[in-house]
Amino acid sequence: MTGTLHTPPQTAAAHHQRPFARDPQRWDRERARALRTGHIRDHTCSPACELVLVHERTVWGWLAWTVPGDGSRPEIPHQIGVLTPRASRRQRIALRWLTRRPARHLVPDTLPGSLRFSAAAVALIGVLVGLFALSRGAPTNATVPAMLLAPLLAQHLPGRLDARARAHVHLVEGDPSCRYLQRLATLHTVLVQAAAASDRLELRRSAALGHHLLWDTAGLLQGQDTLAASAHLINRERLMVQLADHATQTLERTRTASTSGPAHQPPGREGPSGPLPPGFERAARPAPAPAPGTSPLLKGTQPMHSQTDDSARATDTYLLFAHEAYYPDSGTQEINTTVVAADSLLHPQVRQPDGARIHDRLTRGRQPGEIIPLSTLTHELDGGASWPSVGDWETVTADLVQLVRTGECDALSLGLPEIGRALVCVGPDSHVRAFDAAVGQVITYGPLERAAILAEVDRFLPGLVAEQPFWPGDGLLPPLFHP
């Protein structure tokens, strides 16, 4: 019974599945203009045809569509551009520059290549202005070079500006790559709409994370095709689905609370600890610090029992621990954290008596069904100073991973994101700081985010156990206590 924690996908919005979904008349106008000014995509189109592109701008970039000759709306963009996250005003101007209407060209019969219509117009105007200036006594050594440079700038400067502007945009072309990025853009629309419909900080941060995900994915697709990057693309799409699902559920809970909650209840406020790892919800704010003799556990604050108290034992507890990542044979999902039944520590293939001693600690003074992270045991053992008197936890956890991989016991296998995995590796009162190079600041994650991750696992595990209890393995050794 090995499972993988995942968030079920939500039905995404229909935006970006067709051009200008919110304004169908806009597509009709753009199509009419394309029929007048350029080449549409029909049976006469050859690979050398320069098709007219209709750019649909978004808050994160644009989708460029070709115009089919049969009058239908295209299903796959010809090109997708993703603007760098947290773009400055100059970078957003660069986006508008790249999505301007294409320049018209003149093709002289006597000259190779083509000439921009704007360059020809500037040349004509320059000649007229120059002749007028010369007739008024303007110096020839300044007027003539200006007459010659003006059309050259009009011809070549736009290309240079295009190259500078593309430095702030990741461009993706080709049907497979555009089809994949289009799916991510549709999911990202859910995040943008949720952030616009609520003033919750976590929704705005989810939309920002979605933009970063689009940017990274577009950069990945620039250098390789979808087949070569399939493993990375699967992980990115899974993260975007989790973000969209989390944003939708958060928005629904916010609306429900606003309509059914007490009128005098003040709105919740978010702390400065940064966004949660994708797929997890923010936990409720903790109660005031417990008095001595209590320990903050997953299901609330419970009294700590003395080491000689055998009257309060819970044998159906679970151990959560992080380990070196591996990839199961059945897929490409990384497994880096595992939950096993406490009784698996009594398996004969686990280092003993270390496993039995940890089992004793894991079942003493706990609540039935409780999930205890290994880092919580470390916290309870004087920050790890008392581990030598209990056992070699590194060898024990390595043995447990081997049991899981060989099918000798049941487990819940988790692929936590990097921040989530780091949080379950630290104590209940610890913090994890991560530097976000994209925004240039340090984001702090703490007890709230750690509790949210454990709460998500705690909600997921009972469904598995209800179908079939965790099998700890065969031939288990007797525990150190006798209930």
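Here is what the cut-offs are and how they apply
Residues numbered from 1 in each chain as written. Predicted model: local features only at pLDDT ≥ 70, side-chain atom pairs only at ≥ 80, totals over all residues. Heavy atoms only, no water. Phe/Tyr/Trp six-rings, centres within 6.5 Å; stacked < 30°, edge-to-face > 60°. Helix = DSSP H or I, 4+ residues; strand = E, 2+ residues; numbered from the N terminus. Buried < 20%, exposed > 50% of the residue type's maximum accessible area, 1.4 Å probe, protein only. Patch = residues over 30% accessible without salt bridge, like charges linked within 9 Å, V, L, I, M, F, W, Y side chains within 5 Å. Areas by Shrake-Rupley, 256 points an atom, 1.4 Å probe, with all protein chains shown as cover. Salt bridge = Lys/Arg side-chain N within 4 Å of Asp/Glu carboxyl O. Axes fitted to C-alpha atoms, helices over the stretch in contact; angles between N-to-C directions. Parallel < 35°, antiparallel > 145°, perpendicular 65-115°, else oblique. Left-handed = near helix turned anticlockwise from the far one by under 90°. Contact = heavy atoms within 4.5 Å. Nonpolar A, V, L, I, M, F, W, Y, C, P; charged D, E, K, R; others polar. pLDDT = per-residue confidence, 0-100. Core = buried A, V, L, I, M, F, W, Y, C linked by side-chain atoms within 4.5 Å. Pairing = 2+ DSSP bridges. Polar contact = N/O pair within 3.5 Å; in protein donor to acceptor, adjacent residues only side chain to side chain.

> Can you help me understand the packing of aromatic side chains in this one?
What characterises a pair of aromatic rings is the spacing of the ring centres plus the angle enclosed by the ring planes. Going through the model one piece at a time under the given rule, you end up with 1 aromatic pair. Consider the rings of Tyr318 and Phe470, whose centres lie 5.5 Å apart with planes at 85 degrees: the pair is edge-to-face. Here the residue Tyr318 occupies a position in strand β10 (residues 318-326), and Phe470 occupies one in the segment after α13 (447-467), the gap between them amounting to 152 residues. Accessibility classification places Tyr318 together with Phe470 in one group, the buried group.

> In this structure, what is going on with a nonpolar patch on the surface? I would like to understand it.
Together, Val127, Leu131, Leu134, Val144 and Leu148 make up an exposed nonpolar region whose accessible area comes to about 390 Å². Elements supplying a minimum of two residues to the nonpolar patch: α3 (117-135) and α4 (140-166). With respect to the secondary-structure elements, Leu148 resides in helix α4.

> What is the right way to read the packing of helix α2 (residues 89-98) against α4 from this model?
Helix packing geometry: the angle between the two helix axes and the distance between the axes. Between α2 and α4, the least distance of the axes is 9 Å, while the angle of their chain directions is 130 degrees. Here α2 is positioned oblique relative to α4, judged by the angle of their axes. Considering the relative orientation of α2 and α4, their crossing is left-handed. Residue-level inspection shows Ala94, Trp97 and Leu98 of α2 in contact with α4, the latter providing Pro158, Leu161, Asp162, Ala165 and Arg166. When its residues are assigned to classes, the contact of α2 with α4 shows 6 nonpolar, no polar and 2 charged.

> Is there a simple way to think about the confidence of the model for the chain in this case?
Note: predicted coordinates in regions of low pLDDT should not be interpreted at a detailed level. In the predicted model, the chain carries a mean pLDDT of 76, and the fraction of residues at 70 or more is 76%. Model confidence for the chain, summarised as mean pLDDT per element, is weakest for strand β9 (residues 300-303) at 29 and strongest for helix α11 (residues 393-405) at 93. Scored below 50 in pLDDT, residues 1-13 makes 41 contacts in the model with residues more than four places away or belonging to other chains. Low pLDDT, under 50, characterises residues 262-311; the predicted model gives this stretch 98 contacts beyond four residues in sequence or across chains.

> Just to check I follow, could you spell out the nonpolar core for this structure?
Nonpolar side chains tend to gather and get buried jointly when the protein is soluble and globular. Core analysis: the biggest nonpolar cluster contains 38 residues, and Trp60, Ile80, Val82, Leu181, Leu191, Leu214 and Met240 have the highest contact counts within it. Listed by contribution, the elements that provide at least two residues to this core are α1 (24-37), β3 (61-65), β4 (79-83), α5 (175-197), α6 (201-223) and α7 (230-260). Aside from chain neighbours lying at most four places away, what touches Leu181 is Ile80, Val82, Val172, Leu214, Thr217 and Ala218. Listed in part, the 23 residues of the second largest apolar core include Ala342, Leu377, Trp387 and Leu403.

> Looking at this structure, I do not really get the pattern of salt bridges. What am I missing?
Charged atoms that come close allow side chains of opposite charge to pair. The tally for this structure, following the rule as stated, stands at 7 salt bridges. For Arg366, the salt bridge goes to Glu380, with nearest N and O atoms at 2.8 Å. Of this pair, Arg366 sits in the loop between α8 (354-363) and β12 (371-373) while Glu380 sits in helix α9 (residues 374-380); the two residues are 14 residues apart in sequence, bridging distant segments of the chain. By relative accessible area, Glu380 is classed as partly exposed at 21%. Its salt-bridge partner being Glu456, residue Arg459 comes within 2.5 Å of it at the nearest N-O pair.

> What exactly am I supposed to notice about the sheet that holds strand β2 (residues 54-57) here?
Note: strands within a sheet are paired through backbone hydrogen bonds, in either parallel or antiparallel orientation. An order of β2-β3-β4-β7 is seen for the 4 strands of this open sheet, with the pairing classed as antiparallel. Edge strands, defined here as strands with exactly one partner in the open sheet, are β2 and β7 (169-173). When the angles between neighbouring strand axes are averaged without regard to direction, this sheet yields 20 degrees. In this sheet, β3 lies alongside β2 in antiparallel orientation, the contact comprising 4 bridges. From the neighbouring strand, Val54 faces β3, where its bridge partner is Trp65.

> How should the pairing of strand β11 (residues 335-341) be read in this particular structure?
In the case of a regular strand, side chains alternate between the two sheet surfaces. For β11, the tally of buried residues reaches 7 of 7 residues, placing the bulk of the element in the interior. Sheet analysis places β10 next to β11, joined by 6 bridges and oriented antiparallel. Among the inter-strand pairings, Phe321 is bridged to a residue of β11, identified as Thr338. Across 3 bridges, the pairing between β11 and strand β13 (residues 411-414) is antiparallel. Counterpart to Thr338 in the pairing with β13 is Ser413.

> Where do I start with the side chain of Glu449 in this structure?
With respect to the helices and strands, Glu449 occurs in helix α13. The class of Glu449 is buried, set by a relative accessible area of 1%. Within the local environment of Glu449, its side chain forms a polar contact with the backbone nitrogen of Gly446, the two atoms lying 2.9 Å apart.

> Looking at this structure, how should I read the packing of α5 against α6?
Where α5 contacts α6, the two axes come as close as 8 Å, and the packing angle between them is 170 degrees. Here α6 runs roughly antiparallel to α5, going by the angle between their axes. Packed against α5, whose contacting residues are Ser177, Tyr180, Leu181, Leu184, Ala185, His188, Leu191, Val192, Ala194 and Ala195, the element α6 presents Leu203, Arg204, Ser206, Ala207, Gly210, His211, Leu214, Thr217, Ala218 and Leu221 at the interface. Class assignment for the residues of the contact of α5 with α6 results in 13 nonpolar, 6 polar and 1 charged.

> Looking at this structure, I do not really get unusual backbone geometry. What am I missing?
Note that the residue after Gln352, namely Pro353, is joined by a cis bond; omega there is 5 degrees. In this structure, Pro353 sits in the loop between β11 and α8. With a phi close to 55 degrees, Asp382 is a non-glycine residue in the positive phi region. Topologically, Asp382 is positioned in the loop between α9 and α10 (387-390). The exposure class of Asp382 is exposed, given its relative accessible area of 59%.

> What's the story with the environment of Ala322 in this structure? I'm lost.
Position of Ala322 among the secondary structure elements: in strand β10. For Ala322 and Thr337, which are 15 residues apart along the polypeptide, the C-alpha to C-alpha distance reads 4.1 Å. In this structure Ala322 touches Asn336, Thr337, Arg421 and Cys425, once residues within four positions along its chain are discounted.

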